[in-house]
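Commentary on secondary and tertiary structure
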Amino acid sequence: MNEHGLSEREVFSYLENAKSEDTDYYRVLSSMCTHPHKIAVEAHRLFIEANLGDLGLFAGAHRLEQEVVRMLGELLHAPSIDFPSRDSCKSSVCGYLTTGGTESNIQAVRGMKNLVTSGRKGLKKGLKGTPNIVIPESAHFSFDKVADMMGIEVRRASLDSEFRVNLASVEKLINANSIGLVGIAGNTEFGQIDPIDKLSEIALENELFLHVDAAFGGFVIPFLEKPQPFDFKVPGVTSIAIDPHKMGLSTIPSGALLFRSPSFLDSLKVNTPYLTTKSQFTLTGTRSGASAAATCAVMKYLGNEGYRKNVQYCMQLTSKMVEGARKIGFEPLIEPVMNVIALKVPNSDLVREQLLNRFGWNVSITRTPRTLRLVLMPHNRPEDIELFLQDLKKVTAEI
Ligand SMILES: *Cc1c(COP(=O)(O)O)cnc(C)c1O
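What comes next concerns the included structure. Residue numbers here run from 1 along each chain, matching the order of that chain's written sequence. Reporting of local features is limited, given that this is a predicted model, to residues whose pLDDT is at least 70; pairs of side-chain atoms are given and counted only at 80 or more, and all residues count toward the totals for whole chains, interfaces and linings. Remark: hydrogens and water are excluded; side-chain values derive from all non-hydrogen atoms of the structure.

1. Overview of the side chain of Glu103
Under the scheme used here, helices are H or I runs from DSSP no shorter than 4 residues and strands are E runs no shorter than 2 residues, and both carry numbers assigned from the N terminus. Residue position: Glu103 is located in helix 4 (residues 101–117). Every residue pair with non-hydrogen atoms within 4.5 Å of one another is taken to be in contact. Filtering out sequence-adjacent residues up to four positions away, Glu103 remains in contact with Tyr96, Thr98, Leu283 and Thr284.

Shown next, in the form of C-alpha cells:
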C-alpha cells in the first residue's frame, strides 16, 4: 500500500483501466452468468452494508432473505408446512441464500452426512465404513471439492446415450455405506436433465437422501413449455440448489439452498457465542445482505411472466443457433433441452482458440466427448448469432 492515499480520480482511473481488461458479455457464449437486472443492481446498492451473518442487526435484510426463500419454495413446489417457532423456517420451506451452487452443494452433502452420522434421521441401517454419495459423471466440479473436504466417498455413475445419468449404473454403485444421491436438473456441460422422478424412486427404496442440483436449471425448467419433473413435487427430493445469479438475473453472489425438512438446517448448526443470534447453519460467516435484497427485488419485479419471457428469449436464440449450425453442417450432440448447446465440431479445441483469437468469441469445450459448448444467455442478441455462425464457418473451413 502507499503511505498516502491516492485521489479519487486516480483510484477510478486505475479501476477503469482494470475494467477495460474484463470481457464484455456480448461476445460471451461460454458463461452461465450474465448482466444482473438493473433492479437487482439498485437493490444491491441499497443494502450494501447489510450482513446476514449477524441477523439480529439486520432484521430488514433478513426478512428479504426469507421472502426469497418463500418465493423459491413456491416456484419449486415445496410442501406447505408451517414452523412458526423456527427462525429459519417461518415460511413453508427451509433454506437460506448461499454464495452460489458450490456452497449449496457442499452444504447439502454436509447435511446428509450430519443427519446420518448423528443418527438423528435418515437411514435406519448403521454405517460400516466411509459414507458415500452417488452422483452423475456429468456433475459440476463443485463435487470434486465435496469429495476433497468432506471425508465422503463420491461415486460417479455413467451417463446414457442422451447424457442423462444411467439408472442401472446408479443402482450398481449404491451399497450399505451410501447416504445419498445427486441428480442434476440442467447439467453444466450439456444442459441435460437427469430423470429425477426415477432417481427419487431409487432413493426412497434405499432410504437415501436425494439432492437436486438445479443451480442453472432452477430458473429455466419451470418456465419451459413442457417442464420435466425435478423439484419438491417429486417425493424423494430432499434438497435443491438453485442460483439466482445465473438465469435468475440477480447480482453475484446469489445462490440458494432449499430443504424439504427443517431437520437438515438443524443438523448444520454451530453455536455463535458472540453474535445477536445463538447459532448459525450457513457455511460462510459474514454474508451479503445486498444480494438477498437484489434477488428479492428482481423476483418481485419480473414475476413468473418476466422469467418466462427471459427463458423464451434464450430458447429462441438456442433454436436459431442450432438451425444455423445445421445449415453449415454441424449437429448438436443432443437436441437442446435448455439454452445450452453441445455442438459436434471437429477439432473443437483448435476452433475454440481461433474463434477467440481472431474474432473475440468466448466459447467452451465439453470434456467427453469434446464438443463446442454454447450457452445462450440474455446478453446474447439474434444478430450476434448470425455473426458467430459466419465466423464459425470461416474458422472451420480453414482448419
Ligand atoms: C454453475 C453450477 C454450479 C456452481 O455454481 P457456482 O455459483 O459457480 O458456485 C453447480 N452446479 C451446476 C449444475 C452449475 O451449473
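2. Regarding the site of the ligand
Nearness is judged by heavy atoms alone; a residue qualifies as near a molecule or strand once a single heavy atom is within 4 Å of it. The full set close to the ligand counts 14 residues, and Thr102, Asp213, Asp243, His245 and Lys246 are the nearest of them. N or O atoms closer than or at 3.5 Å make up a polar contact, with two conditions inside protein: a donor-capable atom paired with an acceptor-capable one, and, for residues adjacent in sequence, both atoms drawn from side chains. One of the backbone N or O atoms of Gly101 is found 3.0 Å from an oxygen atom in the ligand. The side chain of Lys246 places a nitrogen or oxygen atom 3.0 Å from an oxygen atom of the ligand. Top element by residues in the shell around the ligand is helix 4. It accounts for three residues. Gly is put with the polar residues, along with every residue not named as nonpolar or charged; the nonpolar set is Ala, Val, Leu, Ile, Met, Phe, Trp, Tyr, Cys and Pro, and the charged set is Asp, Glu, Lys and Arg. In terms of residue class, the shell around the ligand is built from three nonpolar, eight polar and three charged.

3. Let's talk about the packing of helix 10 (residues 348–359) against helix 11 (residues 382–398)
Two elements in contact, helix 10 and helix 11, have axes whose closest approach is 10 Å; the angle formed by their N-to-C orientations is 120 degrees. Regarding the angle of helix 10 to helix 11, the classification is oblique. By crossing handedness, the relation of helix 10 to helix 11 is classed as right-handed. Along the contact surface, helix 10 presents Val351, Gln354, Leu355, Arg358 and Phe359, while helix 11 presents Phe388, Asp391, Leu392, Lys394, Val395, Thr396 and Glu398. Tallied by class, residues from the contact of helix 10 with helix 11 come to six nonpolar, two polar and four charged. For helices, the axis comes from a line fit to the C-alpha atoms of the stretch in contact; other axes are also lines fit to C-alpha atoms, and the angle between any two N-to-C directions lies between 0 and 180 degrees. Note that the term roughly parallel is reserved for angles under 35 degrees, roughly antiparallel for angles over 145, roughly perpendicular for angles of 65 to 115, and oblique for everything else. Throughout, a crossing is termed right-handed when the near helix is turned clockwise from the far one, and left-handed when it is turned anticlockwise from it by less than a right angle.

4. Here we look at a negative patch on the surface
Patches draw on residues past 30% relative accessible area with no salt bridge. Two like charges within 9 Å are joined, as are two nonpolar side chains (Val, Leu, Ile, Met, Phe, Trp, Tyr) within 5 Å. Note that accessible areas follow from Shrake-Rupley with a 1.4 Å probe, and for residues the cover is restricted to the protein chains shown. Salt bridges are identified by distance alone: a Lys or Arg side-chain nitrogen within 4 Å of an Asp or Glu carboxyl oxygen. In this charge count, Lys and Arg are treated as positive and Asp and Glu as negative; neither His nor the chain ends contribute. Charge positions come from single atoms, namely NZ of Lys, CZ of Arg, CG of Asp or CD of Glu. Negative charge collects at one region of the surface, where Glu171, Asp197, Glu201 and Glu205 lie side by side. With three residues, the single largest contributor to the negative patch is helix 7 (residues 196–205). Examined against the element boundaries, Glu201 turns out to sit in helix 7.

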